[in-house]
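# Observations on chain architecture
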Protein chains: 2
Amino acid sequence: MEEKQRMNGDLRRRILDTTRHLLVSEGYNSLSMRKIARAIGYSATSIYLHFESKDALVHALIEEGMAQKYETLRSIAEAHREDVIARLKALCRGYIDFGIDNPEYYEIMYMLHPEQMARFPAEKYRRARRNLEVIVDTLREGAEGKLLYVEDPLVAASAIWAALHGAVSLLFSRRMDVRVDREAFIDTVISQTLRSYIVAPEGADAGVSTV
Amino acid sequence: MEEKQRMNGDLRRRILDTTRHLLVSEGYNSLSMRKIARAIGYSATSIYLHFESKDALVHALIEEGMAQKYETLRSIAEAHREDVIARLKALCRGYIDFGIDNPEYYEIMYMLHPEQMARFPAEKYRRARRNLEVIVDTLREGAEGKLLYVEDPLVAASAIWAALHGAVSLLFSRRMDVRVDREAFIDTVISQTLRSYIVAPEGADAGVSTV
DNA sequence: TTGCTTACTTAACGCTGTTAAGTCTGGAGT
DNA sequence: ACTCCAGACTTAACAGCGTTAAGTAAGCAA
């Protein structure tokens, strides 16, 4: 019984890892059960002993990606415990870097088509919302300390999230104008996104209008 | 000869229109050549008489979407000829509304997977960049009139573009927190995005820091 | 030795994009 | 009027897809 579970667990892990590697090397589009099976040296139907369907396999991988992202964001927040604004900037940077560093995760976590996204169980998705809450909490803390001007932290966090996702998505699409420097683009996105929330220090030179 | 071309043209149009309808009703994922064929009452291989491949068919549709979007943005710009800031806001709103109003176009134009995007011919994509240029031109005009503060119009336009895409993408994904009001979210994205570029009028109350 | 459980495979179904080959129709040329 | 050809379209097929049902081989308990 324990032997079985260990072996089951092993194969399950191998399937997940191999799938991830295939996503890196060939992308989601050309991912197939038979390819995964070939790569691990089993028949395609063996995968169904560990995952209900291809969707379920991808969903398991999405969950792992969400968890890894949460760890990343949480440790960034930890590292900037004392400075809310630095924390916020670092979290934005962390969001974008996560996408750049883990394109295979990012693709399945955020770049599936709407119909595919809808198949990701809502209950599993709720857990993934912790990631947004790291931003929400930071905004709230900044607002309480009068360092940030935030009307509705949840709406603001969603808007920041959207802007960051758009940036990663554009970077992935290879459709950006070649004259645009990657780093300048990323910096611009972050500063453009955050500037409107940061309360000006005394004697700031540029003003802001209510749009 | 002319008869032939007319008929060819007719069927080509019918294929494009039918494909668009199928995208609306069933989404890109379940689009298939055989379904399109069934819907127009021809065999699947007939489509290949007018399009080299499924990709080519989708690319033709993408081009039509890009053209339609350009017309939309251009007429918005025209309508706000005299007021740069109002024009910019309206263009942002127009971008998002285009996505909401034409999800089938938006899905194939901006939500394909990176590998699929890469197959869209670069030469055809160059024409689609006109859309970004509407924003670039507006930013440049605003900067010249000292109404906007823009370091690099192309980078800034790309960053704005990214934020708007992120917003549409998040709206489509059905993953937004139910407590977030749709309209409040859209307004927040636009104001968050533009506020950092708008030069404050005299006596503005809130300042801005250099992020 | 029998029989059961577990881990796995093979064969098959209906679907996919795509190619090659075939059919049918209408009109031009003689 | 008959032949021939071009054009528009279809059928059949291939390899691959996700998935299911049925089968097999090994190990272990009785």
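These figures come from a predicted structure and were not determined experimentally.

Criteria and cut-off values
- Residues numbered from 1 in each chain as written.
- Chains lettered and ligands numbered in written order.
- Predicted model: local features only at pLDDT ≥ 70, side-chain atom pairs only at ≥ 80, totals over all residues.
- Heavy atoms only, no water.
- Contact = heavy atoms within 4.5 Å.
- Salt bridge = Lys/Arg side-chain N within 4 Å of Asp/Glu carboxyl O.
- Polar contact = N/O pair within 3.5 Å; in protein donor to acceptor, adjacent residues only side chain to side chain.
- Helix = DSSP H or I, 4+ residues; strand = E, 2+ residues; numbered from the N terminus.
- Nonpolar A, V, L, I, M, F, W, Y, C, P; charged D, E, K, R; others polar.
- Phe/Tyr/Trp six-rings, centres within 6.5 Å; stacked < 30°, edge-to-face > 60°.
- Buried < 20%, exposed > 50% of the residue type's maximum accessible area, 1.4 Å probe, protein only.
- Least-squares fit on C-alpha atoms with pLDDT ≥ 70 in both.
- Axes fitted to C-alpha atoms, helices over the stretch in contact; angles between N-to-C directions.
- Parallel < 35°, antiparallel > 145°, perpendicular 65-115°, else oblique.
- Left-handed = near helix turned anticlockwise from the far one by under 90°.
- Core = buried A, V, L, I, M, F, W, Y, C linked by side-chain atoms within 4.5 Å.
- Domains from an automatic or database assignment.
- Buried area = accessible area lost by both parts, 1.4 Å probe.

## With respect to the interface of chain A and chain B
Opposite the 58 residues of chain A that make contact, chain B presents 60 residues. Taken together, the links from chain A to chain B amount to zero salt bridges. At the junction of chain A and chain B, the tally comes to 18 residue pairs in polar contact (both at pLDDT 80 or more). Of all the secondary-structure elements, those providing two or more residues to the side of chain A that touches chain B are helix H5 (103-110), helix H6 (114-118), helix H9 (153-173) and helix H10 (182-195) of chain A. Here the element with the most residues in the side of chain A that touches chain B is H9 of chain A; it accounts for 15 residues. Of the residues assigned to the side of chain A that touches chain B, the class counts are 33 nonpolar, 16 polar and nine charged.

## Concerning the packing of aromatic side chains
Evaluated as defined, the whole model comprises 12 aromatic pairs over all chains. Aromatic side chains Tyr 95 of chain A and Tyr 106 of chain A sit 6.2 Å apart centroid to centroid with 80° between the ring planes, which places their arrangement in the edge-to-face category. Residue Tyr 95 of chain A is found in helix H4 (residues 84-101), and its partner Tyr 106 of chain A is found in helix H5; the two are separated by 11 residues along the sequence. Judged on exposure class, the residue Tyr 95 of chain A and its partner Tyr 106 of chain A are both buried. On the numbers, 4.5 Å between centres and 80° between planes, the contact of Tyr 95 of chain B with Trp 161 of chain B is edge-to-face. Of the two residues, Tyr 95 of chain B is situated in helix H4 (residues 84-101) and Trp 161 of chain B in helix H9 (residues 153-173); the sequence distance between them amounts to 66 residues. As far as burial versus exposure is concerned, Tyr 95 of chain B and Trp 161 of chain B are alike and both buried. By the ring-pair criterion, three or more aromatic residues cluster together here, those being Tyr 95, Tyr 106, Tyr 110, Trp 161 and Phe 172 of chain A.

## Things to note about the environment of Ala 90 of chain B
Residues and elements named next belong to chain B. Assignment of secondary structure puts Ala 90 in helix H4. Judged by its relative accessible area of 16%, Ala 90 is buried. Taking the C-alpha atoms as reference, Ala 90 lies 11 Å from Thr 72; in sequence the two are 18 residues apart. Apart from the residues within four sequence positions on either side, Ala 90 is in contact with Ile 76 and His 80.

## Re the relation of the copies chain A and chain B
It takes a turn of 180° to lay chain A on chain B, together with a shift of 0.0 Å along the axis; the resulting RMSD is 0.0 Å. In symmetry terms, the pair is related by a two-fold rotation axis.

## Brief notes about the packing of H4 of chain B against helix H10 (residues 182-195) of chain B
Residue and element names in this part refer to chain B. One can describe the packing of H4 onto H10 by two numbers: an axis separation of 10 Å at closest approach and a directional angle of 135°. Accordingly, the angle class assigned to the pair H4 and H10 is oblique. Handedness of the H4/H10 crossing: right-handed. Mapping the contact onto sequence places Leu 88, Lys 89, Cys 92, Arg 93, Ile 96 and Ile 100 in H4 and Arg 182, Glu 183, Ile 186, Asp 187, Ile 190 and Leu 194 in H10.

## Considering the nonpolar core
Grouped together as the largest cluster of nonpolar side chains are 147 residues, with contacts concentrated most on Ile 96, Leu 139 and Phe 185 of chain A together with Leu 139 and Phe 185 of chain B. Among residues more than four places away in sequence, those in contact with Ile 96 of chain A are Leu 164, Ala 167, Val 168, Leu 171, Ile 186 and Ile 190 of chain A.

## Here we look at the domain arrangement of chain A
Residues and elements named next belong to chain A. Here chain A is partitioned into domain 1 (1-51) and domain 2 (58-195). Tallying the contact residues gives 10 residues for domain 1 and 10 residues for domain 2. Here domain 1 meets domain 2 over a buried area of about 930 Å², counting both sides, of which 65% is carbon and sulfur. Considering only the side of domain 1, the residues that lose the most area to domain 2 are Arg 20, Leu 23 and Tyr 28, jointly responsible for 62% of the buried surface there. In this structure, the connection of domain 1 to domain 2 is made through two salt bridges. Glu 104 serves as the salt-bridge partner of Arg 20, at 2.4 Å between the closest nitrogen and oxygen. Run the count over domain 1 and domain 2 and you get five residue pairs in polar contact (both at pLDDT 80 or more). The residue makeup of the side of domain 1 that touches domain 2, split by class, is five nonpolar, two polar and three charged.

## Overview of the pattern of salt bridges
Counted under the stated rule, the structure contains 28 salt bridges over all chains. Measuring nitrogen to oxygen at the nearest pair gives 3.1 Å for the salt bridge that ties Arg 13 of chain B to Asp 17 of chain B. Residue Arg 13 of chain B and its partner Asp 17 of chain B are located together in helix H1 (residues 2-26), separated by four residues, close to a single helical turn. A relative accessible area of 35% means that Arg 13 of chain B is categorised as partly exposed. One salt bridge connects Arg 93 of chain B with Asp 187 of chain B, and the closest N-O pair in it is separated by 3.6 Å. Of this pair, Arg 93 of chain B sits in helix H4 while Asp 187 of chain B is found in helix H10, placing the two residues 94 residues apart along the sequence. On the accessibility criterion, Arg 93 of chain B (24% relative accessible area) is partly exposed. The partly exposed category is assigned to Asp 187 of chain B, whose relative accessible area is 43%. Sharing partners across several salt bridges, the network here consists of Arg 93, Asp 97, Glu 183 and Asp 187 of chain A.

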